[in-house]
Amino acid sequence: MNPEPFFSVVVPFYNEAENLPKLIREIDAMLRMLERTAEIILVNDGSTDEFARQPASPAFVIRWLNLSRNSGQSAAMYYGMQAARGQYVILLDADLQNDPMDAPQLWRKLVEEDLDMVTGVRLNRNDTWVRRMSSRVANTVRSVLLQDHTSDTGCTLKVLTREAAKRLPAWNGMHRFMPALTLAAGYKIGEMPVNHRARFAGVSKVSGGKRAVRATIDLLGMLWFSRRQFKGRLLPEDE
Ligand code: UDP
Ligand code: MG
């Protein structure tokens, strides 16, 4: 096995064949800017389209993980983060709505302010009016109830330490509560504005109605879970 990389870029994807070549090119360009070792973990969440496993530049390793069936964005992100070997984890969507070039500034903030997770805030969202409004309501209710100090939890673009990434629990909906879960587990979080673009190709995989109902049920669960999470961290073993 290759030595531990500095960054693990984790991307969940479900039927994103047309987006993958451009996605890999953009991640490649971003990683070159960072001038560190990296692995790119592409998590195929049971895609039914024909996608080609094209390579990155020889400078970076690409790992293609496959889920046995379509399991949802949280599952794909969870398994990708569990597989990550890098010191820092960068999370991105596959449809290029996130701009990989924003990741370096999130990582710098994480390091400079000694944080465990930095979440992007999509200031100029390239989504429909309905999506933007429902997201605004959901973000307001969630941040008031959970006190997670996060304005846009739905932004996939995040940078985490490996330790914080591995502490995230496995359940459908987890990806919408990552800042709250991380904060409740005793870690430090932050946020900063990022670019948000229109989906490059294909269609959104999540329906608005279902998303709202599930997010409400999940929020109730989170009110309990965030109080009951372990607060302690495992300290380094004695020599
Ligand atoms: N995704 C996934 N499994 C799913 C649904 C979505 O891995 O069951 C991926 C999808 O391919 C994309 C990301 O999760 O990379 C966000 O999905 P999408 O763009 O459809 O959501 P939206 O941006 O509309 O909220
Ligand atoms: Mg999208």
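As shown above, the structure is provided for reference.
Trainee: Hey, could you run me through the overall build of the protein in this one?
Mentor: A tally of regular secondary structure across the protein gives 7 helices and 7 strands. Along the chain direction, N to C, the helices and strands of the protein fall in the order β-α-β-β-α-β-α-β-α-β-α-α-β-α. Radius of gyration (C-alpha) of the protein: 17 Å, near the 18 Å computed for a compact globule of 239 residues. Across its three principal directions, the C-alpha atoms of the protein cover 55 × 45 × 35 Å. For the protein, the distance from the average site of its 32 positive side-chain charges to the average site of its 27 negative ones is 6 Å.

Trainee: Explain the side chain of Thr153 here, please?
Mentor: Topologically, Thr153 is positioned in the loop between α4 (129-146) and β6 (158-161). Thr153 sits in the buried class, given a relative accessible area of 6%. In this structure the side chain of Thr153 is engaged in a polar contact, spanning 2.6 Å, whose partner is the backbone oxygen of Arg176. Look past the residues within four positions of Thr153 in its chain and what remains in contact with it is Asn139, Arg142, Lys158, His175, Arg176, Phe177, Met178 and Pro179.

Trainee: Got a minute to help me understand the coordination of the magnesium ion (ligand 2) in this structure?
Mentor: Ideal geometry at a metal gives 109.5 degrees between four tetrahedral donors and either 90 or 180 degrees between six octahedral ones. All of the protein donors around the magnesium ion (ligand 2) are Asp95 (OD) and Gln97 (OE1); their distances to the metal are 1.9 to 2.2 Å. When sorted by exposure, Asp95 lands in the same class as Gln97, which is buried.

Trainee: How should I be thinking about the pairing of β6 in this particular structure?
Mentor: Moving residue by residue along a regular strand, the side chains alternate between the two faces of the sheet. Along β6, one buried face is formed by Lys158 and Leu160 and the opposite face, lined by Val159 and Thr161, is buried too. Taken together, the 3 bridges between strand β5 (residues 117-122) and β6 define a ladder with antiparallel strand orientation. When the sheet's bridge partners are listed, Thr119 is paired in β6 with Lys158.

Trainee: Sorry, what's going on with unusual backbone geometry here?
Mentor: Leaving glycine out, the prevailing phi sign among residues is negative, and the prevailing peptide bond configuration is trans. With phi around 70°, Leu96 is a residue other than glycine that occupies positive phi space. Relative to the elements of secondary structure, Leu96 occurs in the loop between β4 (88-91) and α3 (103-112). According to the relative accessible area criterion, Leu96 is buried, its value standing at 3%.

Trainee: I keep staring at the sheet that holds strand β1 (residues 7-13) and nothing clicks. Help me out?
Mentor: What links the strands of a sheet is backbone hydrogen bonding, and the strands pair in either a parallel or an antiparallel sense. Strand order in this open sheet of 7 strands is β3-β2-β1-β4-β6-β5-β7, and the pairing throughout is mixed. In this open sheet, the two edge strands, each paired with only one partner strand, are β3 (61-66) and β7 (189-194). The average angle at which neighbouring strand axes cross in this sheet is 20°, direction not considered. The sheet contact formed by β4 and β6 spans 4 bridges and is antiparallel. Directly across from Tyr88, in β6, lies its bridge partner Thr161. Lying over the sheet, helix α2 (residues 73-83) contacts β1, β2 (38-44), β3, β4 and β6, oriented at roughly 155° with respect to β1.

Trainee: How should the layout of surface pockets be read in this particular structure?
Mentor: One way to see where empty space is left: roll a probe the size of a water molecule over the atoms. Approximately 270 Å³ is the volume attributed to the second largest pocket. Looking at the second largest pocket, it is lined by 14 residues, and the ones nearest its centre are Arg122, Arg125, Arg132, Arg136 and Asn139. Put simply, the parts of the chain that give the lining of the second largest pocket at least two residues each are β5 and α4. When residues of the lining of the second largest pocket are assigned to their parent elements, the largest contribution, 7 residues, is made by α4. Its residues placed into classes, the lining of the second largest pocket shows 3 nonpolar, 6 polar and 5 charged.

Conventions and cut-offs
- Residues numbered from 1 in each chain as written.
- Chains lettered and ligands numbered in written order.
- Predicted model: local features only at pLDDT ≥ 70, side-chain atom pairs only at ≥ 80, totals over all residues.
- Heavy atoms only, no water.
- Helix = DSSP H or I, 4+ residues; strand = E, 2+ residues; numbered from the N terminus.
- Rg over C-alpha atoms; globule rule 2.2 N^0.38 Å.
- Lys, Arg positive; Asp, Glu negative; His and termini not counted.
- Charge placed at Lys NZ, Arg CZ, Asp CG, Glu CD.
- Buried < 20%, exposed > 50% of the residue type's maximum accessible area, 1.4 Å probe, protein only.
- Polar contact = N/O pair within 3.5 Å; in protein donor to acceptor, adjacent residues only side chain to side chain.
- Contact = heavy atoms within 4.5 Å.
- Donors = N, O, S within 2.8 Å, 3.2 Å for Na, K, Ca; no water.
- Pairing = 2+ DSSP bridges.
- Axes fitted to C-alpha atoms, helices over the stretch in contact; angles between N-to-C directions.
- 1 Å grid on protein atoms, 1.4 Å probe; cavity = no way out; pocket = protein on both sides within 12 Å on 5 of 7 lines; lining within 4 Å.
- Points joined across faces, edges and corners; volume = space filled by probe spheres on them.
- Nonpolar A, V, L, I, M, F, W, Y, C, P; charged D, E, K, R; others polar.

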